[in-house]
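Take a look at the letters that make up each chain.
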Amino acid sequence: MFPIEVSCLKCGHSLMDTDTPIEGFPSVHLLIRSEGKRDHVYLSALYGSHRGRLKMAIPRGTIVDIICPFCGKALSDGPPCLSCEAPTVSLEMARGGCVRICSRFGCRKHAIAFGDIGEVVAASVMNRYVVTVYESDTLQHAAATMSHYDISGLPVLNETERLTGFLTLDRLLQVAYPDSLNPDCLPIPAIETPEDWTGITCGEAAEEDPLCVTPETPLLEASKIMIAFCLHQMPVTKNGVLVGMLSRGDLFRALLRDKTG
Ligand SMILES: [Zn+2]
Ligand SMILES: [Zn+2]
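Values in this document were obtained by computation on a predicted structure and should not be read as measured data.

Colleague: Please set out the sheet that holds strand β12 (residues 153-157) residue by residue, giving values where relevant.
Modeller: Taken in spatial order, the 4 strands line up as β11-β12-β13-β14 in an open sheet, and their pairing is mixed. The sheet is open, and its two borders are formed by β11 (133-134) and β14 (207-208), each paired with just one other strand. The pairing of strand β13 (residues 163-168) with β14 spans 2 bridges and is antiparallel. Paired with G165 across the bridge in β14 is E208.

Right under this line is the structure:
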């Protein structure tokens, strides 16, 4: 199970409540109305979990009104539940698309939908927390960083924090072992090693001016570029500044959600 982060589709306010964690994650805070009574409800943000906190007693099977605690608008006006046909509540997910929950108390149907995949842009699915290195960092530092985070590519920044290159594991191995014919077969070198690495910086080893997309690039276009150039990941930049990374995994997950949503 993975935690989701949602906001109100009507007012855009985040519904995540850090003061009321459930199962170790901020909960989803909503208002519930049934037979003239209102109460706050806190739902687990773990997708697929049915834990929640509610004081009001509601008989199972009752269809309740679900309301945004911030704008007061009714949210249960989504398409019918696939399981029981009660109206669903659509909540916007921070990483794009929406999650639908059923308004029938006790119904366990949750669904994630992506709307029209053609409208999804890079910003919706990119990873905003990116591990980077600086041009002046050594290759040992880059290898240690890749090994520590279990990643195979690092955006390289200059001292003004602008993206100037991209260092892949393949590239790093080619630089570290120039005589090797097939660097792909080599294991990640031990970090405290080769003498001949000293003095080589990430700036020297990295591929310059890597292919990038912007946050507004449609996901389908980004996918085409990644496939055409055999890229496993691609930086997302805005005016030369790195704002995120797209990976093939992000693309596949988005497309899969679209097909199964
Ligand atoms: Zn709202
Ligand atoms: Zn239902």
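Colleague: Can you explain the packing of helix α2 (residues 139-149) against helix α3 (residues 169-176)? Please cite residues and give values.
Modeller: In contact at an axis separation of 11 Å, α2 and α3 are set at 140 degrees when each is read in the N-to-C sense. With respect to α3, the axis of α2 lies oblique. Note on packing geometry: the crossing formed by α2 with α3 is left-handed. From α2, L139, A142, A143 and M146 reach across to α3, where they touch L169, L172, V175 and A176. Residues belonging to the contact of α2 with α3 are distributed by class as follows: 8 nonpolar, no polar and no charged.

Colleague: Which residues make up the nonpolar core, and what values go with them?
Modeller: In a soluble, globular protein the nonpolar side chains are often hidden away together inside. Core analysis: the biggest nonpolar cluster contains 24 residues, and V6, L15, V28, L30, I66, L91 and V99 have the highest contact counts within it. Elements supplying a minimum of two residues to this core: β1 (6-8), β3 (25-34), β4 (37-43), β6 (65-67), β8 (87-93) and β9 (98-102). With 4 residues, the single largest contributor to this core is β9.

Colleague: Account for unusual backbone geometry, with residues named and values stated.
Modeller: Its identity is not glycine, yet E85 carries a phi of approximately 70 degrees, on the positive side. Secondary-structure assignment places E85 in the loop between β7 (78-80) and β8. Even without being glycine, C230 reaches a positive phi, approximately 55 degrees. Here C230 is to be found in the loop between α5 (219-228) and β15 (233-238). With 6 C-beta atoms counted inside 10 Å, the residue C230 sits in the exposed group.

Colleague: Would you mind going over α3 in detail, with residue names and values included?
Modeller: When we look at burial in α3, the residues that qualify are L169, L172, L173 and A176. For α3, the buried positions fall inside an angular range of 95 degrees around the axis, keeping them on one side. Residues of α3 that are buried make contact with α2, β12, β13 and α4 (202-205).

Colleague: Pulling in residues and values, what's your account of the environment of Y47?
Modeller: Inspection of the secondary structure puts Y47 in the loop between β4 and β5 (52-54). Expressed as a C-alpha distance, the spacing of Y47 and E5, which sit 42 residues apart in the sequence, is 9.9 Å.

Colleague: Lay out the environment of T132 with the relevant residues and their values.
Modeller: Structurally, T132 is set in the loop between α1 (122-125) and β11. With 17 C-beta atoms counted inside 10 Å, the residue T132 sits in the partly exposed group. Spatially, the C-alpha atoms of T132 and L242 are 9.5 Å apart, while their sequence positions differ by 110 residues.

Colleague: Before we move on, could you go through the pairing of β15 and cite the residues and values that matter?
Modeller: Note that β15 and strand β16 (residues 241-247) share 6 bridges and pair antiparallel. The residue of β16 that forms the bridge with K238 is V241. In this structure, the hairpin formed by β15 and β16 is closed by a connection of 2 residues, where N239 is found at a positive phi of approximately 50 degrees.

Colleague: Please set out the pairing of β12 residue by residue, giving values where relevant.
Modeller: Across the 5 residues that make up β12, a large majority, 5, are buried. The two faces of β12 match: G153, P155 and L157 on one face and L154 and V156 on the other face are all buried. Where β11 meets β12, 2 bridges bridge the pair, whose relative direction is parallel. Bridging from a neighbouring strand, Y134 pairs with L157 of β12. Note that β12 and β13 share 5 bridges and pair antiparallel. Bridge pairing in β13 places L154 opposite L167.

Colleague: Which residues make up the environment of C98, and what values do they have?
Modeller: Looking at the element boundaries, C98 is found in strand β9. What makes C98 buried here is the crowd of 20 C-beta atoms within 10 Å. Taking the C-alpha atoms as reference, C98 lies 8.8 Å from L9; in sequence the two are 89 residues apart.

Analysis parameters
Residues numbered from 1 in each chain as written. Chains lettered and ligands numbered in written order. Predicted model: local features only at pLDDT ≥ 70, side-chain atom pairs only at ≥ 80, totals over all residues. Pairing = 2+ DSSP bridges. Helix = DSSP H or I, 4+ residues; strand = E, 2+ residues; numbered from the N terminus. Axes fitted to C-alpha atoms, helices over the stretch in contact; angles between N-to-C directions. Parallel < 35°, antiparallel > 145°, perpendicular 65-115°, else oblique. Left-handed = near helix turned anticlockwise from the far one by under 90°. Contact = placed C-beta atoms within 7 Å. Nonpolar A, V, L, I, M, F, W, Y, C, P; charged D, E, K, R; others polar. Core = buried A, V, L, I, M, F, W, Y, C linked by C-beta atoms within 7 Å. Buried ≥ 20, exposed ≤ 12 C-beta atoms within 10 Å, placed from the backbone. Arc of directions from axis to C-beta.

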